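Architecture at a glance
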Amino acid sequence: ETGVTQSPTHLIKTRGQQVTLRCSSQSGHNTVSWYQQALGQGPQFIFQYYREEENGRGNFPPRFSGLQFPNYSSELNVNALELDDSALYLCASSLGGNTIYFGEGSWLTVV
Amino acid sequence: DQQVKQNSPSLSVQEGRISILNCDYTNSMFDYFLWYKKYPAEGPTFLISISSIKDKNEDGRFTVFLNKSAKHLSLHIVPSQPGDSAVYFCAASGETSYDKVIFGPGTSLSVIP
């Protein structure tokens, strides 16, 4: 167990709605990354936060946004949900090293 | 543009034999390489890593080999066990500690008892 916890584990949303996913990083880890994993694919990098600042972003539109809080927990927000947003959303934390540790993920289904 | 490639979507191996999972990368700036294992309905679990200054790293039954000139790495599992059946992701990152980690599409390993 990595100590990274995510909530909710499963949720269903309607196209056009907004969703917020939450992540508590492993104790002491100051860096949080979010990934999207579609069926049959590897995790795709969305963005990374270090000490409450975004310090890297993948090829995702602006309707994907995030926050990191002073306790290093994090949120991923997705606005105007599309059917293709259905995926497993993974949060990973690290202490500034290259090795990242994942939570169990949040399964999002958009209908 | 897929920077980390795993060209075998699946692999079947007999229990007790060696499993060899391959990975190729295109970005010469990658400096650190990792392997993750994922069971269904769980998040990926870190398995083993290697820095570009090494060509081999071993941890129990798992060994990762890196060939920088060929931009190729492989994960060897010896001996393979049924519990090793999972999807294995190869991943890579740059030289700074805060570089993003890029993942390949994964190889599904089945170890047959």
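Refer to the structure printed above.
In this report, we go over the structure that sits alongside the text.

1. Quick notes on the pattern of salt bridges
Evaluation of the coordinates by the stated rule reveals six salt bridges over all chains. Note that Glu 58 of chain B is salt-bridged to Lys 56 of chain B, the shortest N-O span being 4.0 Å. We classify Glu 58 of chain B as exposed; its relative accessible area is 52%. Measuring nitrogen to oxygen at the nearest pair gives 2.8 Å for the salt bridge that ties Arg 61 of chain B to Asp 84 of chain B. With a gap of 23 residues between them, Arg 61 of chain B in the loop between β6 (56-59) and β7 (62-67) and Asp 84 of chain B in the loop between β8 (72-77) and β9 (86-93) connect regions that are remote in the sequence. Overall, Arg 61 of chain B belongs to the partly exposed group, its relative accessible area being 22%. On the basis of relative accessibility, which here comes to 2%, the residue Asp 84 of chain B falls in the buried class. Where salt bridges share partners, they join Arg 63, Glu 82 and Asp 85 of chain A into one cluster.

2. Let's talk about the packing of aromatic side chains
As enumerated under the stated definition, the model contains 13 aromatic pairs over all chains in all. Between Phe 47 of chain A and Tyr 49 of chain A, the aromatic rings sit 5.4 Å apart at their centres with planes inclined by 85°, giving edge-to-face as the arrangement. Members of the aromatic cluster, connected to one another through ring pairs, are Tyr 35, Phe 45, Tyr 101 and Phe 102 of chain A together with Tyr 36, Phe 46, Phe 89 and Phe 103 of chain B.

3. Topic: the nonpolar core
With 24 residues, the main nonpolar core has Phe 33, Trp 35, Leu 73, Leu 75 and Tyr 88 of chain B as its most contacted residues. Here this core takes four residues from β9 of chain B, the largest share from any one element. Not counting residues up to four positions away in its chain, the partners in contact with Phe 33 of chain B are Tyr 25, Ile 48, Ser 49, Ile 50, Ser 52, Leu 66, Leu 73, Ala 91 and Ala 92 of chain B. In this structure, Val 19, Ile 46, Phe 47 and Leu 108 of chain A belong to the second largest nonpolar core, which totals 20 residues.

4. With respect to the state of the cysteines
All told, the structure shown has two disulfides over all chains when counted by the stated rule. Between the sulfur atoms of Cys 23 of chain A and its disulfide partner Cys 91 of chain A the distance amounts to 1.9 Å. A torsion of -65° about the S-S bond marks the disulfide between Cys 23 of chain A and Cys 91 of chain A as left-handed. With Cys 23 of chain A in strand β3 (residues 19-24) and Cys 91 of chain A in strand β9 (residues 87-94), this pair connects stretches of sequence that are 68 residues apart. Accessibility assignment for this pair places Cys 23 of chain A and Cys 91 of chain A in one class, buried. Disulfide pairing is shown between Cys 23 of chain B and Cys 90 of chain B; the S-S distance is 2.0 Å. The S-S bond linking Cys 23 of chain B to Cys 90 of chain B shows a torsion near -75°; that makes this disulfide left-handed. With Cys 23 of chain B in strand β3 (residues 19-25) and Cys 90 of chain B in strand β9, the pair connects residues that are 67 residues apart, well separated along the chain. Judged on exposure class, the residue Cys 23 of chain B and its partner Cys 90 of chain B are both buried.

Conventions and cut-offs
- Residues numbered from 1 in each chain as written.
- Chains lettered and ligands numbered in written order.
- Predicted model: local features only at pLDDT ≥ 70, side-chain atom pairs only at ≥ 80, totals over all residues.
- Heavy atoms only, no water.
- Salt bridge = Lys/Arg side-chain N within 4 Å of Asp/Glu carboxyl O.
- Buried < 20%, exposed > 50% of the residue type's maximum accessible area, 1.4 Å probe, protein only.
- Helix = DSSP H or I, 4+ residues; strand = E, 2+ residues; numbered from the N terminus.
- Phe/Tyr/Trp six-rings, centres within 6.5 Å; stacked < 30°, edge-to-face > 60°.
- Core = buried A, V, L, I, M, F, W, Y, C linked by side-chain atoms within 4.5 Å.
- Contact = heavy atoms within 4.5 Å.
- Disulfide = S-S within 2.5 Å.

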